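Each chain, written out:
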Amino acid sequence: MENRPLEYDYTVAKMFMLTTIVLGIVGMTIGVFIAFELAFPGLNTAFGSGVAEYTAFGRLRPLHTDSVAFGFTLSGIFATWYYVGQRVLKVSMAESKFLMFIGKFHFWLYVLGVAAAVVTLFMGYTTSKEYAEFEWPVDIAIVIVWVLWGVSIFGLIGIRREKSLYISVWYYIATFLGVAMLYLFNNMEVPTMLATSPIGETGIGNWFHSISMYAGTNDALVQWWYGHNAVAFVFTVPIIAMIYYFLPKESGQAIYSYKLSLLSFWGLMFVYLWAGGHHLLYSTVPDWVQTMGSIFSIVLILPSWGSAINMLLTMKGEWQQVAASPLIKFMVLASTFYMFSTLEGPIQAIKSVNAIAHFTNWIVGHVHDGTLGWVGFMIIAALYHMAPRVFKRELYSKGLMAAQFWIQTLGIVLYFTSMWIAGITQGMMWRAHDEFGNLAYSFMDTVNVLHPYYALRGVGGLLYLTGFIMFAYNIYKTMSARPVEESELQNASPMGA
């Protein structure tokens, strides 16, 4: 009995897998709708003028970004943690009733928090801060959710059988600590009722609405310290944690260099935190802060590419697997998009380039080649790897997975190329002057020129959404496919898990 293989409990992982898929469909559907709405504004009244307030771009855009970032992506992070954490630490959640309770409580409070965020944003309650739109009661719920995840992380680590902490665990810990620090400091706010009303009297404020404790330039500095590092600790660090586990596990190849993984880890930790100033170039923040943001953004290429190259070199001598396995295709192309995006971002942070790129659709293209290609592909690959093991069923269709890969890849290419062209065109038209020094083009001139690129962006997003629905169907059918034992599946993995 002592030599019996450890039975991992994937109850919480399954629950978060479901929310990953559901919130992914919701967030991406809203994104496709508002993309087409920019190309065809009449869509705002497609469901009737009575609901036009709720289908306007300004109302739906925060719903899109937050449901994808804090819905789809965070759910994927949580799902993979409750799977990977047990396996690399050699401990089952079933061994601790406390940790199992925390995991389930974490899930249900997260679902309630998501519901509150969706309803409040849809109703127009917002702080108007990028990636931090939630009002203070929702923020408190989010903090509690985050603390519960931390208890789960350090609780599992505390009862682990495996002495060494695999590199993925380092990245999950960094995600927890980084977001905790960023979220707390950026979301320090005061309900307007307290700010505008003498004690004991009714004033003009609202108990639910709040204002930032910071003002003006200070608020901008803290906001983009948070905003850019939300990208770091939600869209980068935990996704690296995933690929350092799932690529070796799926390919049977050891990570190319464990030392490089640690070097890149500490490089990201020390450099990423200081790059947020590049969002505020040519603004009222001190010039040295802007310059520091640009310099650290350029330096950030090194640890970012260190991680990505380490991932690609893991496949050294085994590239035939990329041709044979659509799952490995997802992960290898995800790494490629990571390299691509982490070169493009620093280029845009150079002041002379930023003068053309800022406020244009080139920035939108940069964000989406990273989120769709790197984040989206890696979470999809992780869930595809997990599904046969958590459901103990054979994957329904590799052919459907392969078709999904090519459809989504085409969608990403259409998306970012259309936005590159649109953005650079925008920037150049805004700067163009005639011989008298007057602006050569009006704002409407740029809007008219961009129309075909906006339509093409919508088509690219629709292709990606189509592929994601195929993914959801494939996972759904896997849940009732032929039973299979994990011993029948390839079992090479980090730490022998």
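Calculation rules
- Residues numbered from 1 in each chain as written.
- Predicted model: local features only at pLDDT ≥ 70, side-chain atom pairs only at ≥ 80, totals over all residues.
- Heavy atoms only, no water.
- Helix = DSSP H or I, 4+ residues; strand = E, 2+ residues; numbered from the N terminus.
- Rg over C-alpha atoms; globule rule 2.2 N^0.38 Å.
- Buried < 20%, exposed > 50% of the residue type's maximum accessible area, 1.4 Å probe, protein only.
- Areas by Shrake-Rupley, 256 points an atom, 1.4 Å probe, with all protein chains shown as cover.
- Lys, Arg positive; Asp, Glu negative; His and termini not counted.
- Charge placed at Lys NZ, Arg CZ, Asp CG, Glu CD.
- Axes fitted to C-alpha atoms, helices over the stretch in contact; angles between N-to-C directions.
- Parallel < 35°, antiparallel > 145°, perpendicular 65-115°, else oblique.
- Left-handed = near helix turned anticlockwise from the far one by under 90°.
- Contact = heavy atoms within 4.5 Å.
- Nonpolar A, V, L, I, M, F, W, Y, C, P; charged D, E, K, R; others polar.
- Expected span 1.5 Å × (residues − 1).
- Bend = angle between axes of the 7 residues up to and from the residue.
- Phe/Tyr/Trp six-rings, centres within 6.5 Å; stacked < 30°, edge-to-face > 60°.
- Core = buried A, V, L, I, M, F, W, Y, C linked by side-chain atoms within 4.5 Å.
- pLDDT = per-residue confidence, 0-100.
- Salt bridge = Lys/Arg side-chain N within 4 Å of Asp/Glu carboxyl O.
- Polar contact = N/O pair within 3.5 Å; in protein donor to acceptor, adjacent residues only side chain to side chain.

Draft legend 1. View of the overall build of the chain. Within the chain, the regular secondary structure consists of 17 helices and 2 strands. Against the globule reference of 23 Å for 497 residues, the chain gives a C-alpha radius of gyration of 23 Å, in line with a compact fold. Dimensions of the chain, computed from the C-alpha atoms along their principal axes, are close to 85 × 60 × 50 Å. Residues classed as buried in the chain amount to 55% of the 497 residues present. As presented, the chain carries roughly 21,400 Å² of accessible surface, and 70% of it is formed by carbon and sulfur atoms. Here the chain contributes 25 positive and 27 negative side-chain charges, whose respective centroids are spaced 13 Å apart.

Draft legend 2. View of the packing of helix H5 (residues 136–158) against helix H6 (residues 167–186). Look at H5 against H6: their axes get within 11 Å of each other, and the N-to-C directions meet at 155°. Between H5 and H6, the angle falls in the class roughly antiparallel. For the element pair H5 and H6, the recorded crossing hand is left-handed. The residues of H6 that touch H5, namely those facing Asp139, Ile142, Val143, Trp146, Val147, Trp149, Gly150, Ile153, Phe154 and Ile157, are Val169, Tyr172, Ile173, Thr175, Phe176, Val179, Ala180, Tyr183 and Leu184. Partitioning the contact of H5 with H6 into residue classes produces 16 nonpolar, 2 polar and 1 charged.

Draft legend 3. Helix H17 (residues 443–478), seen in detail. Taking 1.5 Å per residue, 36 residues should reach 52 Å; H17 reaches 51 Å between its end C-alpha atoms and fits that length. The largest bend in H17 is about 45°, located at His451, with the proline Pro452 one to four residues further on.

Draft legend 4. Here's a closer look at the packing of aromatic side chains. Counted by the stated rule, this structure contains 50 aromatic pairs. Seen from their ring centres, Phe185 and Trp225 are 6.4 Å apart, and the 80° between their planes marks the pair as edge-to-face. Taken together, the residues span a long stretch of sequence, with Phe185 in helix H6 and Trp225 in helix H8 (residues 216–251) at a distance of 40 residues. In this structure Phe185 comes out as partly exposed when scored by relative accessible area, which is 42%. Arranged with centres 6.2 Å apart and planes meeting at 15°, the rings of Phe377 and Tyr464 form a pair that is stacked.

Draft legend 5. Highlighting the nonpolar core. Counting 138 residues, the largest nonpolar core has Trp149, Phe246 and Trp374 as its most contacted members. The biggest single contributor to this core is H8, with 17 residues. When neighbours within four sequence positions are excluded, Trp374 is seen to be in contact with Phe235, Thr236, Ile239, Ile240, Ile243, Met311, Ala334, Ser335, Phe337, Tyr338 and Asp369.

Draft legend 6. Spotlight on the confidence of the model for the chain. Residues with a pLDDT of 70 or more make up 95% of the chain, whose mean pLDDT is 92. Low pLDDT, under 50, characterises residues 493–497; the stretch is placed with 19 contacts to residues that sit more than four places away or in other chains.

Draft legend 7. Quick peek at the pattern of salt bridges. One pass over the structure, following the stated rule, counts 6 salt bridges. In this structure, Asp219 engages Lys129 in a salt bridge whose closest nitrogen and oxygen atoms are separated by 3.1 Å. Of this pair, Asp219 sits in helix H8 while Lys129 is found in the loop between helix H4 (97–122) and H5, placing the two residues 90 residues apart along the sequence. Overall, Lys129 belongs to the buried group, its relative accessible area being 11%. The residue Glu394 makes a salt bridge to Arg482 at a minimum N-O spacing of 3.2 Å. Linking Glu394 in the loop between helix H15 (361–391) and helix H16 (398–431) with Arg482 in the segment after H17, this pair joins segments that are 88 residues apart in sequence.

Draft legend 8. Here's a closer look at the packing of helix H3 (residues 57–89) against H15. Remark: H3 packs on H15, axes separated minimally by 10 Å, with the N-to-C direction vectors making an angle of 35°. Between H3 and H15 lies a crossing of left-handed hand. Of H15, the residues touching H3 (which contributes His64, Phe72, Thr73, Gly76, Ala79, Thr80 and Tyr83) are His368, Val375, Gly376, Ile379, Ala382, His385, Met386, Arg389 and Val390. Class assignment for the residues of the contact of H3 with H15 results in 8 nonpolar, 7 polar and 1 charged.

Draft legend 9. Inspection of unusual backbone geometry at higher detail. Phi at Lys90 takes a positive value of approximately 60°, unusual for a residue other than glycine. Residue position: Lys90 is located in the loop between H3 and H4. One non-glycine residue, Tyr282, adopts positive backbone phi at about 60°. Counting through the fold element by element, Tyr282 comes out in the loop between helix H9 (258–272) and helix H10 (287–299). For Tyr282, a relative accessible area of 54% translates into the label exposed.

Draft legend 10. Broad picture of H9. Under the 1.5 Å per step criterion, the end-to-end length of H9 is 21 Å for 15 residues, consistent within 8% with the ideal 21 Å. When H9 is considered as a whole, its buried residues turn out to be Ser261, Ser264, Phe265, Gly267, Leu268, Met269, Val271 and Tyr272. Residues of H9 that are buried sit in contact with H6, H8, H10, helix H11 (301–313) and helix H13 (326–349). Its side-chain oxygen 2.9 Å from the backbone nitrogen of Leu260, Ser257 forms the N-cap of H9.

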